[in-house]
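Fold and geometry: a report
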Amino acid sequence: MTKLTVACVQTNTTRDPQENIERVSPMIRQAAAGGAQLITTPEIVGMLEPKRDQALAKARPEETHEVLAAFRGLAAELGVWLLVGSISIKVSDDKLANRSFLLDDRGNVVARYSKIHMFDVQVGDGQTYRESNTYRAGDEAVIAETPWGRMGMTICYDIRFPYLYRKLAQAGAQVLFAPAAFTKVTGEAHWHVLQRARAIETGCFVVSAAQTGEHAEGRRTYGHSVIVDPWGRVLADAGEDVGVITAEIDLDEVAAARGKVPSLTHDRVIGDPSVYGTAFRQAGE
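Residues numbered from 1 in each chain as written. Predicted model: local features only at pLDDT ≥ 70, side-chain atom pairs only at ≥ 80, totals over all residues. Heavy atoms only, no water.

As a further point, take the overall build of the chain. Per the secondary structure count, the chain includes 6 helices and 16 strands. The C-alpha radius of gyration of the chain comes to 19 Å, within 12% of the 19 Å expected for a compact globule of 285 residues. Dimensions of the chain, computed from C-alpha atoms along their principal axes, come out at roughly 60 × 45 × 35 Å. Residue burial in the chain is summarised as follows: out of 285 residues, 54% are buried. At a minimum sequence separation of 6, the contacts of the chain that also span at least 24 residues come to 67%. Each charge class in the chain was averaged separately, 31 positive and 36 negative side chains, and the resulting centres sit 3 Å apart. (Helix = DSSP H or I, 4+ residues; strand = E, 2+ residues; numbered from the N terminus. Rg over C-alpha atoms; globule rule 2.2 N^0.38 Å. Buried < 20%, exposed > 50% of the residue type's maximum accessible area, 1.4 Å probe, protein only. Contact = heavy atoms within 4.5 Å. Lys, Arg positive; Asp, Glu negative; His and termini not counted. Charge placed at Lys NZ, Arg CZ, Asp CG, Glu CD.)

Below is the structure:
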């Protein structure tokens, strides 16, 4: 199988995990009813809690997490593959993991990925973001095997680190997930450029479900969940409203794009005297 219909669920996550389950589940059902075989949800789909103490108090370990349990049951009921973009997993008394789960059509966890790059930035929107204060960074890149092909798992801020996507593509990934809660400010400036760039550089489909709207403590996210083909074309864009987008993708297009521009095979090693010399030099030296 090389063709499949993928969907992105775009939502506005609140502080209450149960409320978020009730918000997102009907949209997953809508996507399945529309023929989607693989449905994706955004980063922090289970809870957006800006206050560290409350986030730590509300989060649960993976084994008892109500959001993961609900979505596992829904995937099995609907007979669809489901990417839980990410949920907050309790990993110690003072740290969480921002973790994504890929579920098969029986509700089994096929792959899990903990966000590697922490969003510690000041973007000028009146908010301070220090993800590392609450979350423990992951340390493993992850590729999942599916009936359609290999798929690479990333989350949000990871999109700014192209070497991760290159490594995933060189390891066989044909589809790259980047579920997100991009800020309004950075989204308006960078979101579409980064999504298309990662697709073009790797010759992969990029599927990125996103948060949208205003959240707790005045945080605002950009929306615009997208499905991008290996040539960098945007096949579907959700805009800024809550809802669902779908697109049929054909993984044969991955080989076609890479055949035209086989850049994944053209790496040169820094330090190769024929390219860079043995060390970096200042111009004029």
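To continue, consider the packing of helix α4 (residues 162–170) against helix α5 (residues 184–202). One way to put it is that α4 packs onto α5 with a least axis distance of 9 Å and a crossing angle of 40 degrees. As far as their axial angle goes, α5 and α4 are oblique. The two elements α4 and α5 meet at a crossing, and its hand is right-handed. Residues Pro162, Tyr165, Arg166 and Ala169 of α4 form the contact with α5, whose own contacting residues are Arg198, Glu201 and Thr202. Taken together, the residues of the contact of α4 with α5 break down into 3 nonpolar, 1 polar and 3 charged. (Axes fitted to C-alpha atoms, helices over the stretch in contact; angles between N-to-C directions. Parallel < 35°, antiparallel > 145°, perpendicular 65-115°, else oblique. Left-handed = near helix turned anticlockwise from the far one by under 90°. Nonpolar A, V, L, I, M, F, W, Y, C, P; charged D, E, K, R; others polar.)

As a further point, take the pattern of salt bridges. Side chains carrying opposite charge are able to pair once their charged atoms draw close together. In total, this model carries 18 salt bridges according to the counting rule given. Between Asp105 and Arg106 there is a salt bridge, with the nearest N and O atoms lying 3.8 Å from each other. The partly exposed category is assigned to Asp105, whose relative accessible area is 29%. On the basis of relative accessible area, Arg106 is assigned to the exposed category, the value being 60%. With its nearest N and O atoms 2.7 Å apart, the salt bridge here joins Arg150 to Glu145. Owing to a relative accessible area of 29%, Arg150 belongs among the partly exposed residues under this scheme. A cluster of three or more residues bridged by salt bridges with shared partners is formed by Arg15, Glu49, Lys58 and Glu217. (Salt bridge = Lys/Arg side-chain N within 4 Å of Asp/Glu carboxyl O.)

This paragraph deals with the environment of Val261. Structurally, the position occupied by Val261 is in the segment after α6 (252–260). What makes Val261 partly exposed here is its relative accessible area of 47%. The spatial distance from the C-alpha of Val261 to the C-alpha of Trp231 is 9.8 Å, given a sequence separation of 30 residues.

The next point concerns helix α3 (residues 66–78). When the terminal C-alpha atoms of α3 are compared, their 18 Å separation across 13 residues agrees well with the 18 Å that a helix rising 1.5 Å per residue should span. Buried within α3 we find Val67, Leu68, Phe71, Leu74 and Ala75. With its buried residues spanning 130 degrees around the axis, α3 presents them on a single face. In this structure, the buried side of α3 is in contact with α1 (17–33), β3 (81–90) and β4 (96–103). With its phi angle positive at about 70 degrees, Gly79 sits one or two positions after the end of α3. (Expected span 1.5 Å × (residues − 1). Arc of directions from axis to C-beta.)

This brings us to the layout of surface pockets. The calculated volume of the largest pocket comes to roughly 540 Å³. Lining the largest pocket are 30 residues, with Ile44, Tyr129, Glu131, Tyr135 and Arg219 sitting closest to its centre. When residues of the lining of the largest pocket are traced back to their parent elements, those giving at least two are α2 (52–58), β7 (129–130) and β13 (220–222). Residues of the lining of the largest pocket, tallied by class, amount to 12 nonpolar, 9 polar and 9 charged. Lining the second largest pocket we find Val91, Ala97, Arg99, Arg112, Tyr113, Ser114, Arg136, Ala137, Gly138, Asp139, Glu140 and Val142. (1 Å grid on protein atoms, 1.4 Å probe; cavity = no way out; pocket = protein on both sides within 12 Å on 5 of 7 lines; lining within 4 Å. Points joined across faces, edges and corners; volume = space filled by probe spheres on them.)

Time to look at the pairing of strand β5 (residues 109–114). Each regular strand carries side chains that alternate between the two faces of the sheet. When β4 meets β5, the two strands line up antiparallel, connected through 5 bridges. Note on β5: the bridge partner recorded for Ser100 is Tyr113. Joining the antiparallel neighbours β4 and β5 is a turn of 5 residues, in which Gly107 adopts a positive phi near 85 degrees. (Pairing = 2+ DSSP bridges.)

Another point: the sheet that holds strand β14 (residues 226–228). In a beta sheet, neighbouring strands pair by backbone hydrogen bonds and run either parallel or antiparallel. A sheet is described by the order of its strands in space; here 6 strands give the open sequence β8-β9-β10-β11-β14-β15, paired in mixed fashion. With partners counted over all chains shown, the strands left at the sheet margins are β8 (142–145) and β15 (234–237), one partner each. Each strand axis lies, on average, 20 degrees off the axis of its neighbour in the sheet, ignoring direction. Pairing of β8 with strand β9 (residues 150–153), which is carried by 4 bridges, proceeds in the antiparallel orientation. Paired with Glu145 across the strands is Arg150, a residue of β9.

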